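# A structural walkthrough
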Amino acid sequence: MLKSFSTFCIFLSIAIPPLSPVHADDFVDDSCTVLFGNLNSRFVHCEGAQRDFRTVIVAIHGWNGSCRETFGKGEGSLYSVLDDRRFYDWDCYQYDSHAWQIQQSGAGLAKRMSELKKMGYEHAMFITHSAGGIVALEYLTHRLFSYDHSGYARRTDDPVTQMREEPIVFRSIMWVSPINGLEWYASLLADFGSGLSFLPPNQQTLPDLAQDSRYLQQLRTRLNEYADWRDGLAASDRRRADMRLLFLQSMFDGVVRYLDPSKDAWLWDYPFAEVQDVRIVHTDMAMGKPDLLHIGAYLNDYVAVLEAPLVIRMDEVFGNASPTDRSADRQAAVISGVSYFADRNFDRAIIPAVELMVFMLTEDFARGRTVDLQMVELLLDLFAQELSDPEMALKAYGPLINAINAYDYSRTGARDAARSPDFVAKIQELIDLILRSAPEQHRPQIEANALSASLRIANTTLNSDLRDNALQMLAQHTSLVSTDSLVGSGVLGGLVQDFYAKQANLLPASTKNALADILQSAMERGDAATLQAIDLIGSEVNFRGQMQPLWRSLQSEEFTDYLNDFRNREFVFEFDVPDQTEDHLTRLDFEMLMGVGFDGRSTDIATDALRRLQTNTTADGLSGVLLEAQPITTLTDLTAHPGLFKETRQTLGVMYGPVFESLYFDN
């Protein structure tokens, strides 16, 4: 009797309302008055609620509980702990645990799930406390069984049709659920009997939760029948029916009976059901509330929560957001949740994160700089990890690079904060990371697009530092990427024809030096990219009112020295050099000679060029080059050095005869 009385006192502390008994007519669903998180959010079923994702976690309280009291208030509440890094939306199902039968509560939950589907939710997960877990299981079997005054019977309609009108409930996390009954109820009845009549009207609820009650026996039987039915479904429908059960229990809990997988034959096999012992108790006895802080912290990092599919309501969070502080905070909170999810669930986060970044690049909507930077930082952290699956890498890198490549980095204005220098610099870091980590199987395709994206930044940004940084990054990767990537991307030709040739007179020395570095890196490869670079350095651009070879317009002593050294040494190609390239090299030597370097003062370079022409070029070869190419008609540079001019005329004039004389020395 003493033990039962002690148990009864505990029962009173957690179960009995402090005032008068609660009657059915007194039930008020006040869940929409609950505010949680930094944004004071409401549950998604409430009017005016903020809905950010396509997945919703539905909390279900137990007997004598409520959405506010069971799951807590303040910093330690389940809502606040899990809301800190949220990648799902919140809802709570509140029901009258005193007056409603469990069957009625389960039917009400089914109605709520249909409503959530209409709100656009595709996936859901339950987090339940105590008898709330029984309500979740009642909802699950409600799909297969109907209930009336005569009992349960198999439904005559198609359960699959009903499932399609509800979100896919992929998991139910049931915290101290009395699936095996209440520990204390039988002893209370034995010791107090009809003396319990002063309790609230629980005669429809608590007896059903007693150990070995008829209701619980039937529930376990229905769960087994449900499992057999689920296993016989087609794969697509089985996915909808597969709500996996996680029972969290504790040996320290004195309220519900212990669940033993080795003895409870009804329990589904793993992975459909799982039992875990954790250091939690049914309630905080002093407060009469669940052990909120511990369960919240536990679930915050628990893998079951991380199973929640990450699908963002792009248009609602970003596309239609007005430029207000709250909308910016909302966007930042969503990205923070994605980041948290990604840090713990890399493979499943990478595609949604990329989709979000692509949306931000391709759609025009108002947001603050911090939102864009936060998103790029997330992707940098993600891409720092290895994408071991080549197909996943292609799905991640491909759309992102395409979006980066199509972005207009020249735009500015209030709605274009994303084009800020910090943002573009982070995008460049992202491109660099992608270039370094592209999987071998798809490397040419990913590299080519990434190189083009970097060129896109250089070609469109109005910020000279960002432009030079993009070119310098191209120079670094020009020597690292595959031949197919570099040649296939067309980035070398684009640099000269689309970028440099149109603004050769306007670009500062730093930009020209960066372009020279790219061409130098390409020339050192000894492959098809080298041939392309050789062709490009001799291409003509309009510089200072004259058509000049590109290499000379760069006005770089260092690059001219490099070209001279390149011609002096025996450079080894991977293949036979085409005649056209040989002609371009001959032309380069002749230009270096006639222009005395790029500045008209590099006599050593001019002398080297003259020796190469004497040694390596046939009369027919040079004559053909000089006849086909636009002749250099200005000899100011060479005539400024009488000795070199005389030697050139004597040597080449004698070697190549009237063609040379008529083109260059008739004057």
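Our subject is the structure listed above.
### A short note on the overall build of the protein
- On a plain count of helices and strands, the protein comes out with 30 helices and ten strands.
- In the protein, 77% of the contacts between residues at least 6 apart in sequence involve partners at least 24 apart.
- Entry remark: accessible area of the protein is about 28,700 Å², with carbon and sulfur atoms responsible for 48%.

### Structural notes on a negative patch on the surface
- A grouping of Asp-517, Glu-557, Glu-558 and Asp-561 is seen on the molecular surface, where their side chains present a negatively charged patch.
- Within the fold, Glu-558 resides in helix α24 (residues 557–568).
- On the accessibility criterion, Glu-558 (62% relative accessible area) is exposed.

### Notes on helix α13 (residues 346–362)
- Across its 17 residues, α13 extends 24 Å between first and last C-alpha, which sits within 8% of the 24 Å expected from 1.5 Å per residue.
- Among all positions of α13, only Phe-346, Ala-349, Ile-350, Pro-352, Ala-353, Val-354, Leu-356, Met-357, Val-358, Phe-359, Met-360 and Leu-361 are buried.

### Focus on the packing of aromatic side chains
- Enumeration over the complete set of coordinates arrives at 13 aromatic pairs.
- Here Phe-559 and Tyr-562 contribute two aromatic rings whose centre-to-centre distance is 6.2 Å and whose plane-to-plane angle is 20°, an arrangement assigned as stacked. Of this pair, Phe-559 and Tyr-562 are both found in helix α24, three residues apart, which corresponds to roughly one turn of the helix.
- Overall, the relative accessible area of 2% leaves Phe-559 in the buried class.
- Judged by its relative accessible area of 9%, Tyr-562 is buried.
- Here a set of aromatic residues connected by ring pairs shows up, and it is made of Phe-87, Tyr-88, Trp-90 and Phe-341.
- In this structure, Arg-230 is placed above the aromatic ring of Phe-272, and the distance from its NZ or CZ to the ring centre is 4.0 Å.
- Lying across the ring of Tyr-121, Arg-313 places its NZ or CZ 4.4 Å from the centre.

### A look at unusual backbone geometry
- Of note, the bond from Tyr-270 into Pro-271 is cis; its omega dihedral lies within 30 degrees of zero at 10°.
- Looking at where Pro-271 falls in the secondary structure, it is placed in the loop between β7 (244–249) and β8 (273–277).
- Even without being a glycine, Asn-64 presents a positive backbone phi close to 65°.
- Tracing the backbone shows Asn-64 in the loop between β1 (55–60) and α2 (67–71).
- Look at Arg-544: it is not a glycine, yet its phi comes out positive at around 55°.
- Within the secondary structure layout, Arg-544 lies in the loop between β9 (540–543) and β10 (546–549).
- By relative accessible area, which is 59% here, Arg-544 ends up exposed.

What counts and what doesn't
Residues numbered from 1 in each chain as written. Predicted model: local features only at pLDDT ≥ 70, side-chain atom pairs only at ≥ 80, totals over all residues. Heavy atoms only, no water. Helix = DSSP H or I, 4+ residues; strand = E, 2+ residues; numbered from the N terminus. Contact = heavy atoms within 4.5 Å. Areas by Shrake-Rupley, 256 points an atom, 1.4 Å probe, with all protein chains shown as cover. Patch = residues over 30% accessible without salt bridge, like charges linked within 9 Å, V, L, I, M, F, W, Y side chains within 5 Å. Salt bridge = Lys/Arg side-chain N within 4 Å of Asp/Glu carboxyl O. Lys, Arg positive; Asp, Glu negative; His and termini not counted. Charge placed at Lys NZ, Arg CZ, Asp CG, Glu CD. Buried < 20%, exposed > 50% of the residue type's maximum accessible area, 1.4 Å probe, protein only. Expected span 1.5 Å × (residues − 1). Phe/Tyr/Trp six-rings, centres within 6.5 Å; stacked < 30°, edge-to-face > 60°. Lys NZ or Arg CZ within 6 Å of the ring centre and 35° of its normal.

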